[in-house]
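# Tertiary structure, described
Listed below, chain by chain, are the residues.
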Amino acid sequence: MQSTTRKIWIVDFGSQYTQLITRKSRELGFSSEIVTLESVKESFSQGKKPECLVLSGGPDSLSTDKTDYSFLFEQDLPILGICYGHQIMASHFGGVVAPGTIAEYGKSQIQLTGGHTMGPIPKEFQVWMSHFDHVTKVPQNFKTIMQSDNGLIAGMVDEGSRLMGLQFHPEVEHSTCGKEILCYFYEEVAALKRDWSSTEMLKETSAIVKEVGDAKVLCAFSGGVDSLVAATIADKVIGKNVYCFFVDNGLLRPQDYGHIEILKKETPLNIEIIDAKDNFLGKLKGVSDPEEKRKIIGHTFIEVFEEKVHQFEREHGIHFEYLLQGTLYPDVIESISPHKKGGKSVTIKSHHNVGGLPERMKLKLLEPLRYLFKDEGRKIGEELGLKHEWVYRHPFPGPGIGIRVLGALDNSSIEKVGHSDQILFEELHKAEIYESIAQAFTVLLPVKTVGVKGDGRAYEEVICLRMVSTTDFMTATWTELSHDFLSRVSGRITNEVKGITRVVYDITSKPPGTIEWE
């Protein structure tokens, strides 16, 4: 997918939000990709360039960063600078960037200034700030178009040169008019035409699969929307050469088993279930550290696949060359620490399906969705004609219940999470709010509390409900639900799940929390 043929190149200066610029741009209908400063310089030297540049935010300060960025502004391209990119632009054209006496982090109110208008965007709106340095004087030929409620310059534009800078982050959900501001720049300042759609995404992902030719492809199939879409694309492109193996690791929920059986019956996919419950649970016995659990699950997953591959190849006289996975952009972002200007991004947690497998299995990775977001994968699923309830199924992590039991695993703890999760699942559907929530699940906490059941004292465990609202899974807010709904779920869990005395609700957003607890 990353071919430097996109209409918009987003130059990554190390912001945690860079990928959201890509997502928002594509959502607006403009093809875009993330590139490094070095790759831009190399492409320019070869005569290759996009129709537009976006300079991302980043952790550096121009007071210490002495990098020469002038080559970015020598191609007569429309350029949008965001946060640090805004400061680079201002400095290059002769403006003044200074360390602030007032830091701006989090939500801030912004006003349009100087009589400037931006289509449907109101004169005052809320944005997300994350900076200390700021532009104190805009360059010649630029005019200030926005300021924050404390009087700092928040936006500038030179329409004649098709240049615009924003001190805030329009790409995040917290910026209420962010999408409209990006659209204003792309359409009114940069004069770009839309070129991105679900049809185009399907065309490109299919082209990636087509490159394997007549090779045999092994699919690491979970039944979730990502692996289902990836497998369906592959099935349509190379058909009988795709073999889907579903690993039952003993960490699945009741609804997962039913879902796989439905897919076996109602899709043309060749799905085989591998029963590896005892293998996984034996290795996880007594392990409580979350990262160690993830690694054990990941390594065991590889071992199971290796064994299955060798067995299948011997029995059928074939040789697998590719491993097909439904890896998405957020998986890559959180798991791989790519080189950034001025440092590396933080690895939040390891993912079982990102990297490592080809080395152990001697297979080449085939990841047609690797540079797509969850919502884009769903759009492709709809384009492929997959059932709505399959495409909009909530995500379920590869380690499954293994990371939803805080602490060591045993059959009892797995059953408590599986049963309580099934109750939550049923009530969400009954209340017809399942699809209005991005992800919902339950977690078994490693604490006991006193309760009363019947006429006796109970000293039992706690289930936590976790429900979040998000469109990109990079940021998320906890979902506000009625007291009646929460009371109904709590009552069913404490009455029906053996060993649970108390139910609590997690009201932490991402950040500072992650969506999963482990």
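Let me sum up the structure you'll find in this document. (Residues numbered from 1 in each chain as written. Predicted model: local features only at pLDDT ≥ 70, side-chain atom pairs only at ≥ 80, totals over all residues. Heavy atoms only, no water.)

Turning next to the overall build of the protein. Secondary structure assignment for the protein yields 15 helices and 22 strands. Seen through its principal axes, the protein has C-alpha atoms that stretch 75 × 65 × 40 Å. Across the protein, every contact between residues at least 6 apart in sequence was considered, and the portion connecting residues at least 24 apart equals 73%. For the protein, the exposed surface amounts to about 22000 Å²; the carbon and sulfur share of it is 50%. Computed over 58 positive and 71 negative side-chain charges, the inter-centroid distance for the protein is 1 Å. (Helix = DSSP H or I, 4+ residues; strand = E, 2+ residues; numbered from the N terminus. Contact = heavy atoms within 4.5 Å. Areas by Shrake-Rupley, 256 points an atom, 1.4 Å probe, with all protein chains shown as cover. Lys, Arg positive; Asp, Glu negative; His and termini not counted. Charge placed at Lys NZ, Arg CZ, Asp CG, Glu CD.)

Turning next to the pairing of strand β3 (residues 52-55). Regular strands have side chains that alternate between both faces of the sheet. Neither face of β3 is left uncovered, since the one carrying C52 and V54 and the one carrying L53 and L55 both have all their residues buried. Sheet analysis places strand β1 (residues 8-11) next to β3, joined by four bridges and oriented parallel. Across the sheet, the residue bridging to I8 is C52, located in β3. (Buried < 20%, exposed > 50% of the residue type's maximum accessible area, 1.4 Å probe, protein only. Pairing = 2+ DSSP bridges.)

Another aspect to go through is the sheet that holds strand β18 (residues 364-366). Read from one edge of the open sheet, five strands run β14-β13-β12-β15-β18, paired in parallel fashion. Whereas interior strands pair on both sides, the edge strands pair on one side only; in this sheet they are β14 (271-275) and β18. Put simply, the sheet's adjacent strands are angled 30 degrees from each other on average, direction ignored. Both strand β12 (residues 216-220) and strand β13 (residues 242-248) contribute to a ladder of four bridges, which runs parallel. (Axes fitted to C-alpha atoms, helices over the stretch in contact; angles between N-to-C directions.)

With that settled, consider the packing of aromatic side chains. For the coordinates displayed, the defined rule picks out 18 aromatic pairs. Here F125 and F168 contribute two aromatic rings whose centre-to-centre distance is 6.5 Å and whose plane-to-plane angle is 75 degrees, an arrangement assigned as edge-to-face. Here F125, found in strand β7 (residues 124-131), pairs with F168, found in the loop between β11 (163-166) and α4 (178-189); they are 43 residues apart in sequence, far enough to count as distant. In this structure F125 comes out as buried when scored by relative accessible area, which is 3%. Residue F168 is classed as buried on the basis of its relative accessible area of 0%. Positioned above the aromatic ring of F245 is the side chain of K308, whose terminal nitrogen or guanidinium carbon lies 5.4 Å from the ring centre. The ring of F441 has R404 lying over it, and the distance from NZ or CZ to the ring centre is 4.0 Å. (Phe/Tyr/Trp six-rings, centres within 6.5 Å; stacked < 30°, edge-to-face > 60°. Lys NZ or Arg CZ within 6 Å of the ring centre and 35° of its normal.)

Ranked by size, the top nonpolar core spans 84 residues in total, and within it F221, I380, L465, M467 and I493 carry the most contacts. Tallying contributions element by element places helix α6 (residues 225-238) first for this core, with eight residues. Counting 37 residues, the second largest nonpolar core, distinct from the first, contains M129, L166, F185 and Y329. (Core = buried A, V, L, I, M, F, W, Y, C linked by side-chain atoms within 4.5 Å.)

Right, let's talk about the pattern of salt bridges for a bit. Should their charged atoms come close, side chains of opposite charge can pair. Tallied over the entire structure, the rule returns 28 salt bridges. A salt bridge links R253 to D256; the shortest N-O distance between them is 2.9 Å. With respect to class, R253 is no different from D256; both count as buried. Between K293 and E518 there is a salt bridge whose closest N-O contact spans 3.0 Å. Of this pair, K293 sits in helix α9 (residues 290-316) while E518 sits in the segment after β22 (500-505), and the two are 225 residues apart along the sequence. Each member of the pair, K293 as well as E518, carries the same accessibility label: buried. Several salt bridges converge on common partners, so that one network encompasses E426, E427, K430, R488, R492 and E496. (Salt bridge = Lys/Arg side-chain N within 4 Å of Asp/Glu carboxyl O.)

Here we come to the side chain of R370. As for its position among the elements, R370 is in the loop between β18 and α12 (374-384). Judged by its relative accessible area of 15%, R370 is buried.

This brings us to helix α2 (residues 37-45). Three or more residues of α2 are buried, namely L37, V40, S43 and F44. An end-on view of α2 places all buried positions within 125 degrees of arc, on one side of the element. Packing partners of the buried residues in α2 comprise β1, β2 (32-35) and β3. Downstream of α2 by a residue or two, G47 has a phi angle that is positive, lying close to 80 degrees. (Arc of directions from axis to C-beta.)

In contact at an axis separation of 10 Å, helix α8 (residues 277-284) and α9 are set at 145 degrees when each is read in the N-to-C sense. Helix-helix and strand crossings are classified by hand; for α8 and α9 the assignment is right-handed. Facing α8, whose interface residues are N279, F280, K283 and L284, α9 presents K293, I296, I297, T300, F301, E303 and V304. Within the contact of α8 with α9, the residues separate by chemical class into six nonpolar, two polar and three charged. (Left-handed = near helix turned anticlockwise from the far one by under 90°. Nonpolar A, V, L, I, M, F, W, Y, C, P; charged D, E, K, R; others polar.)

The N-to-C vectors of helix α5 (residues 198-210) and α12 enclose an angle of 90 degrees; their axes lie 9 Å apart at closest approach. Taken as axis vectors, α5 and α12 run roughly perpendicular relative to one another. Along its contact with α5, which presents S198, T199, M201, L202 and T205, the element α12 presents E376, K379, I380, E383 and L384. Looking at the contact of α5 with α12 residue by residue, the class counts come to four nonpolar, three polar and three charged. (Parallel < 35°, antiparallel > 145°, perpendicular 65-115°, else oblique.)

Okay, the environment of E383 next. Considering the arrangement of structural elements, one finds E383 in helix α12. Judged by its relative accessible area of 38%, E383 is partly exposed. A sequence separation of 185 residues divides E383 from S198, and the C-alpha atoms of the two residues are 6.8 Å apart. In this structure, E383 is in contact with S198, T199 and L202, ignoring residues within four places of it in sequence. Within the structure, the side chain of E383 is placed 3.1 Å from the side chain of S198, a separation counted as a polar contact. (Polar contact = N/O pair within 3.5 Å; in protein donor to acceptor, adjacent residues only side chain to side chain.)

Okay, unusual backbone geometry next. Following K510, the chain continues to P511 via a peptide bond in cis, the omega torsion being -15 degrees. Relative to the assigned elements, P511 resides in the segment after β22. In this chain, P511 is followed by P512 through a cis amide linkage whose omega measures 10 degrees. One non-glycine residue with positive phi stands out, namely C83, at about 55 degrees. Note that C83 resides in the loop between β4 (79-82) and α3 (84-92). Of the residues examined, C83 reaches a relative accessible area of 4% and is grouped as buried.

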